[in-house]
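Given next are the chains, with one letter for each unit.
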Amino acid sequence: MKNESYDVVVIGGGPAGLAAAISAHDSGAKVLLLEREARLGGILKQCIHDGFGLIRFGEKLSGPEYAERYIDEFHARQIAAVTLTFVTKIEKTGSGFTVHTVSRNGVARYRAAALVLATGCRERTAKQVFIHGTRPAGVFTAGTAQHFTNLLGELPTKRCVILGSGDIGLIMARRLTLEGAEVLGVYEAKPTPSGLTRNLHQCLYDYDIPLYLSHTVTRVFGTDRLESVEISEVDEHMTPIPGTEQRLDCDALILSVGLIPENELAESLGVKLDPKTKGPVCDGQNMTSVDGVFSCGNALHVNDLVDYVSENAAVAGAAAAAYKPQKRKPVEIHISDTLLYMVPQQLDLARNNNKTAVYFRARGDYNNSRLALTVDGKEVFSRRYAFLRPPEMEKLELDFDGMGLTETSDVQFKLEPQTEKG
Amino acid sequence: MNLSKCSKKLKKRFGDAVTLSLENQSVVLRGHLATWAQVIEACQSVAEKNSAIHVVNDITCDEQTETPMRVPGFTDNTVDGAAPDVLVIGGGISGASIARELTKWKLDVLLVEKEADLALQASGRNDGEVHPGIDLGKGSLKHRYIRRANRMFGDVCSELDVEFHRIGQYVLFQNNALKPLIGLYCLWRKYHDGIEDTKLISGSQLRAQEPHLQPGTKFAIWNPSAGVVCPYGLTIAYAENAVQNGAKVSLHTAVLDMDVKNGEICSVKTNRGTIFPKLVINAAGVFAEDVAAMAQDRFFSIHPRRGTNSITDKKTGAFLHSIATVKELSVHGKNHSKGGGTMRTAHGNLLVGPDAVETFEKENTATNRESIATVFKKQKITMPDLSEHDIITYFTGVRAPTFEEDYIIERGRRTTNLIHCAGIQSPGLTTAPAVAEDVAQMAVDFLKEKQTVEQNQAFNPIRKGVPVLRKMSDEQREEMIRKNPDYGVIICRCEEISKGEILDALHAPICVPTVDGIKKRVRPGMGRCQGGFCSPLVTKIIADFLDEPLSAVRKSSPASVITYGKTKQNEGGRDA
Amino acid sequence: MTELTCIVCPRSCKLQISADKETLIVTGNACKRGAVFAQNEMTDPRRTLCSTVATVFPEAPVLPVRVSDEIPKAKIFDVMREINRTVVKTRIGRGDVVIKNVLGLGADVIATSDLLKEKAGETS
């Protein structure tokens, strides 16, 4: 049984894990990356559309191109990686952790002083959005349909309905259309689209695919393969309105109804999760509530752009490399109801916070809003935003060290939406 | 049975719409009513408990649409000309367990199942509870079998390598005033009906064991002999063991008709050929009445009853270690189901349900919002921490009760070479091991009238399932992977299922190379992502195993296409 | 008059475009980039195109590709037809040309992954 020791073990070889591993290595740590699939790159392997890397590389790359640039960087540094290797459990042992894995080579145990969890996210399923009716073949999440289409080269539908206007759903609407399938429409229960505006235009409107807001799929039909779906209008509480049902004949229902950070390993270590992000509560160094355990990328919160994932993961990697047990001096960051969430959720005043990246999403579509940071009621920072939408994440970089924070400080971010143009 | 009293009752309620007559030792109801609920009411009102005279329902109703039994969309001659000693119709828990018990004798046994897999209907769509029998009184067949069968479970499941946990059952009461009455009820059950393990415990004793259950519980009935088993796992294991011992199982094989002469079944027509059995066992679940009719031996009716269960994330498995349900005593109406409950399944999830809804549709397993809402409303009283948001899947099954709400386990009344194992509903999974022994004995007794039937000395009761690597220690796992590296390649991340386990399932005695078939056997896709990540991988493994293109792999039935072939048809051919 | 939604930034300005003889008049844009966007959309709308091509390698039946430069929006399905009749038979890699100057549009179809160059290992 293999038994090795590392300064930092990174779990997950997608964009977050790669960036974290590179950054931890560059900070001088002995790093091991663990990946359960055969190839590095994570979900980007199947995201063959372009639009990645605009911030990081100033280019519009496809998913594989973006991932492979990082993979090249990773290999150039000769960082240790094992693929087709699955983490079965993590134990806290002494001052560090023991990661148990299985692979074709058997069981292995890796000792780590610090862990970076870069485990990504998963899609919400049909049952999680309470789709009822029969259980035929032909109900896919967008990611599953993407896997069939882009990795296996198989067409999962000839005529489909897409539920949810999340970006993957929009991307798949275009992708399937290009491959010869008919996309009858994208149905969204919310009154506003969930995806980026550019995707609405370039994926739907360019191909005359209609978007129906405040509509949802209430039932599926078909005993073998899906034969039709029932669509209903919904009210402002997203409850279907009786009498608005219509049947649409199709062979597939493709779901893009949200992503959930994968934190089962984190939870097994006792990491505290934020109910808003469904990811760990972290500080400015991406350290979770468990000392020595760091989180990044979509496992921390679902990002809109991979560029932010890489950037955020690099912070986690460097912090994991520099990790030494020491007493924390935590202060909570509170946010107003107009913010959907903010990461980090706290700061450790025992560490440097002079260049802390803050990520947030607004709860609604706000024109000319104002974000203000107050410490003990005193405003120390503010910024105006011409336009905020929940699908588009925002990033700020702040120097918290100059704000005279203590563990008892009341730190509040307040987003004030303004209705009239200011 | 007092016929004229029943007639008066019907007349008072339904006027001249329904008539009743005693024919061939059955009470036959005829006429026409507006709703199915009225049909049920009419038939139930004349049904007599523990009577050999059964209600036969020939009432038509406005609501009822004639939906023919779903049959495989193809014909061939796979079983044509087969002349087994015993033909078992139905691959649910009854048919599978009977087939296995029959292989203890030197008999030619053929089991036919119309679906793509075993346990695809009620046997695979129930809660998996191994009942203690607390609600059963003397006189019924259910009661006759329950204790004997309950006690058999440990041995049967260890022989067949099926997950079974005797986790016990609590029935919760919130009203202390009921305690003396329930106490008497338990004593009556214990000493009169032989449910020997039952006892009352206090609310604080309950809380010490199960802190997440209803805090307002004043006392509870505790039945330590209750357990949970994987219901489809047990059915598949029984059938595999039957096959190991020489029985044949033919899937996709629907019984369409029978040739009956002089009270004897001469042949049985299926979509895969005509079979010439010496004896037929009717274990056809919701279609048991239809099979009886084909055999010209219809003396009972089945009225389908739907039940929906929800499964929640394994994380919630920590909330409960047993089976629990709150009891709300109601004075009105009979409730034929156990009223639903919350339990920790054999696989460590929580299961919530089922409800009970009468239906004329024998095969409608579509789910609906209302069922889940009803069940959760009640079960949130049992366990306040329950949340619909933890649901990962839900499913509906259709029970197959008679109007007498008891089993029919007997030789044909008019047709001689026929044994019915009908009306099997809850606790049918529990009673199956004992019922199967008796039905097999009845079959042997029948055949012995015509031929010699010897014991099968070579019978091997041991069936080994696919190894479950996630439950092994690192050292055991290391050894398994050394022997077969595929055990180290994890395909299903949620349930931690390896490629090796999937390939083992494909090489099992009954190979069902479909995504659902694999899911039922080794669980990829049973977890929180519901196959989102692993279903393409499982599809690919099956395609490689079959040496077929990916598009040839099915979810379950032959028409349940997953993909429509390659995106690139490569017409015109340009090389690069 | 034509209406367009600007997709240059998340603000999503509603643009009104009217023609005055030869020149386009764009209103509703909050910044200059909106005017440029409208100009391009009205005169020569172009898009990038990403897809896959078939390969002869069983472990990777398709290889992701894209066009090296934006192509006229109206030509997307014509280019898809070219992509669909192409089969990759050598282990080419990221940036390698799959179809040179596709349909004479001045853009190549290029591979976007080194997938075929990686050790022909197991995919699952």
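Predicted model, so just to flag it, every value in this text is computed and none were measured. (Residues numbered from 1 in each chain as written. Chains lettered and ligands numbered in written order. Predicted model: local features only at pLDDT ≥ 70, side-chain atom pairs only at ≥ 80, totals over all residues. Heavy atoms only, no water.)

Description of the overall build of chain B
Reasoning step 1: Along its length, chain B carries 14 helices and 27 strands.
Reasoning step 2: In terms of overall size, chain B behaves like a compact globule, its C-alpha atoms giving a radius of gyration of 25 Å where 576 residues would be expected to give roughly 25 Å.
Reasoning step 3: Within chain B, buried positions represent 59% of all 576 residues.
Reasoning step 4: Considering only intrachain contacts with a sequence separation of at least 6, the fraction spanning at least 24 residues in chain B is 74%.
Reasoning step 5: In the form shown here, chain B has an accessible surface area of approximately 22400 Å², with 51% of it arising from carbon and sulfur atoms.
Reasoning step 6: When the 72 positive and 68 negative side-chain charges of chain B are each reduced to one mean point, those points stand 4 Å apart. (Helix = DSSP H or I, 4+ residues; strand = E, 2+ residues; numbered from the N terminus. Rg over C-alpha atoms; globule rule 2.2 N^0.38 Å. Buried < 20%, exposed > 50% of the residue type's maximum accessible area, 1.4 Å probe, protein only. Contact = heavy atoms within 4.5 Å. Areas by Shrake-Rupley, 256 points an atom, 1.4 Å probe, with all protein chains shown as cover. Lys, Arg positive; Asp, Glu negative; His and termini not counted. Charge placed at Lys NZ, Arg CZ, Asp CG, Glu CD.)

A look at the domain arrangement of chain A
Residue and element names in this part refer to chain A.
Reasoning step 1: If you check the domain split of chain A, you get domain 1 (1-123 + 258-323), domain 2 (125-257) and domain 3 (331-422).
Reasoning step 2: Here the C-alpha centroids of domain 1 and domain 2 sit 31 Å apart.
Reasoning step 3: Buried surface at the junction of domain 1 and domain 2, summed over both partners, amounts to about 1200 Å²; 49% is from carbon and sulfur atoms.
Reasoning step 4: At the junction of domain 1 and domain 2, the tally comes to 6 residue pairs in polar contact (both at pLDDT 80 or more).
Reasoning step 5: Within the side of domain 1 that touches domain 2, the residues separate by chemical class into 5 nonpolar, 4 polar and 3 charged. (Domains from an automatic or database assignment. Buried area = accessible area lost by both parts, 1.4 Å probe. Polar contact = N/O pair within 3.5 Å; in protein donor to acceptor, adjacent residues only side chain to side chain. Nonpolar A, V, L, I, M, F, W, Y, C, P; charged D, E, K, R; others polar.)

Quick word on the environment of Val243 of chain B
Residues and elements named next belong to chain B.
Reasoning step 1: The residue Val243 is located in helix H7 (residues 231-244) in this model.
Reasoning step 2: On the accessibility criterion, Val243 (22% relative accessible area) is partly exposed.
Reasoning step 3: Residues Val243 and Glu101 lie 142 residues apart in sequence; the distance between their C-alpha atoms is 11 Å.

Considerations on the packing of aromatic side chains
Reasoning step 1: What the rule picks out here adds up to 16 aromatic pairs over all chains.
Reasoning step 2: Their ring planes at 65° and their centres at 6.1 Å tell us that Phe57 of chain A and Tyr70 of chain A sit as a pair that is edge-to-face. Placement of Phe57 of chain A in the loop between strand E3 (50-52) and strand E4 (61-62) and of Tyr70 of chain A in helix H2 (residues 63-76) is noted, with a sequence separation of 13 residues between them.
Reasoning step 3: A network of ring pairs unites the aromatic residues Phe57, Tyr66 and Tyr70 of chain A as a single cluster.
Reasoning step 4: The residue whose ring lies beneath Arg247 of chain A is Phe221 of chain A, and the NZ or CZ to ring-centre distance is 3.6 Å.
Reasoning step 5: Sitting over the face of the ring of Phe533 of chain B, Arg493 of chain B holds its NZ or CZ atom 3.5 Å from the ring centroid. (Phe/Tyr/Trp six-rings, centres within 6.5 Å; stacked < 30°, edge-to-face > 60°. Lys NZ or Arg CZ within 6 Å of the ring centre and 35° of its normal.)

Section: the nonpolar core
Reasoning step 1: In this structure, Ile502 of chain B together with Leu49, Val79, Ile83, Val98 and Val109 of chain C are the most contacted members of the largest nonpolar core, which totals 70 residues.
Reasoning step 2: Ranked by the residues each element gives to this core, the list is headed by helix H4 (residues 167-178) of chain A, at 6 residues.
Reasoning step 3: Residues within four places of Val79 of chain C in sequence aside, it is in contact with Leu49, Val67, Ile71, Val102, Leu103, Leu105 and Val109 of chain C.
Reasoning step 4: Core analysis: the second largest hydrophobic core is formed by 53 residues, Leu118, Ala237, Val439 and Phe446 of chain B among them. (Core = buried A, V, L, I, M, F, W, Y, C linked by side-chain atoms within 4.5 Å.)

A word on the packing of helix H3 (residues 93-102) of chain B against H7 of chain B
Residues and elements named next belong to chain B.
Reasoning step 1: Contact geometry of H3 with H7 gives a least axis separation of 8 Å together with a crossing angle of 30°. Looking at the two axes, H3 sits roughly parallel to H7. Crossing hand, H3 versus H7: left-handed. Within the contact between the two elements, H3 uses Ile93, Ala96, Ser97, Ala99, Arg100 and Glu101 and H7 uses Leu234, Thr235, Tyr238, Ala239, Asn241 and Ala242.
Reasoning step 2: In terms of residue class, the contact of H3 with H7 is made up of 7 nonpolar, 3 polar and 2 charged. (Axes fitted to C-alpha atoms, helices over the stretch in contact; angles between N-to-C directions. Parallel < 35°, antiparallel > 145°, perpendicular 65-115°, else oblique. Left-handed = near helix turned anticlockwise from the far one by under 90°.)

A closer look at the domain arrangement of chain B
Reasoning step 1: Per the domain assignment, the segments making up chain B are domain 1 (3-61), domain 2 (70-164 + 227-302 + 400-465), domain 3 (165-226 + 306-396) and domain 4 (469-552).
Reasoning step 2: Each of domain 1 of chain B and domain 4 of chain B has a C-alpha centre, and the two are 51 Å apart.

A few points about the pattern of salt bridges
Reasoning step 1: One pass over the structure, following the stated rule, counts 79 salt bridges over all chains.
Reasoning step 2: Notably, a salt bridge pairs Glu264 of chain A with Arg122 of chain A, separated by 3.3 Å at the nearest N-O pair. Separated by 142 residues along the polypeptide, Glu264 of chain A in helix H6 (residues 264-268) and Arg122 of chain A in strand E9 (residues 121-123) bring together distant segments of the chain.
Reasoning step 3: Among the residues examined, Arg122 of chain A registers a relative accessible area of 5% and is labelled buried.
Reasoning step 4: With a closest N to O distance of 3.3 Å, Arg147 of chain B and Glu196 of chain B form a salt bridge. Remark: Glu196 of chain B occurs in the loop between helix H5 (179-192) and strand E9 (199-202) and Arg147 of chain B occurs in helix H4 (residues 141-160); sequence separation between them is 49 residues.
Reasoning step 5: We classify Arg147 of chain B as buried; its relative accessible area is 8%. (Salt bridge = Lys/Arg side-chain N within 4 Å of Asp/Glu carboxyl O.)

Here we look at the interface of chain B and chain C
Reasoning step 1: Counting residues at the interface gives 14 residues for chain B and 18 residues for chain C.
Reasoning step 2: Summing the contributions of chain B and of chain C, the shared interface buries around 1400 Å²; its carbon and sulfur component is 45%.
Reasoning step 3: Run the count over chain B and chain C and you get 2 salt bridges.
Reasoning step 4: Notably, a salt bridge pairs Asp575 of chain B with Lys89 of chain C, separated by 3.0 Å at the nearest N-O pair.
Reasoning step 5: In this structure, the connection of chain B to chain C is made through 7 residue pairs in polar contact (both at pLDDT 80 or more).
Reasoning step 6: Breaking the side of chain B that touches chain C down by element, the ones donating at least two residues are helix H14 (535-546) and strand E27 (574-575) of chain B.

Re the interface of chain A and chain B
Reasoning step 1: On the chain B side, the residues contacting the 51 residues of chain A number 52 residues.
Reasoning step 2: For Arg109 of chain A, the salt bridge goes to Asp474 of chain B, with nearest N and O atoms at 3.1 Å.
Reasoning step 3: Joining chain A to chain B, the criterion identifies 26 residue pairs in polar contact (both at pLDDT 80 or more).
Reasoning step 4: Sorting the residues of the side of chain A that touches chain B by element identifies strand E6 (86-93), strand E7 (96-103), strand E8 (106-117), E9, strand E10 (132-133), strand E11 (139-141), helix H3 (142-151) and H6 of chain A as the ones contributing at least two each.
Reasoning step 5: With 4 residues, the top contributor of residues to the side of chain A that touches chain B is H3 of chain A.
Reasoning step 6: Residues belonging to the side of chain A that touches chain B are distributed by class as follows: 17 nonpolar, 17 polar and 17 charged.

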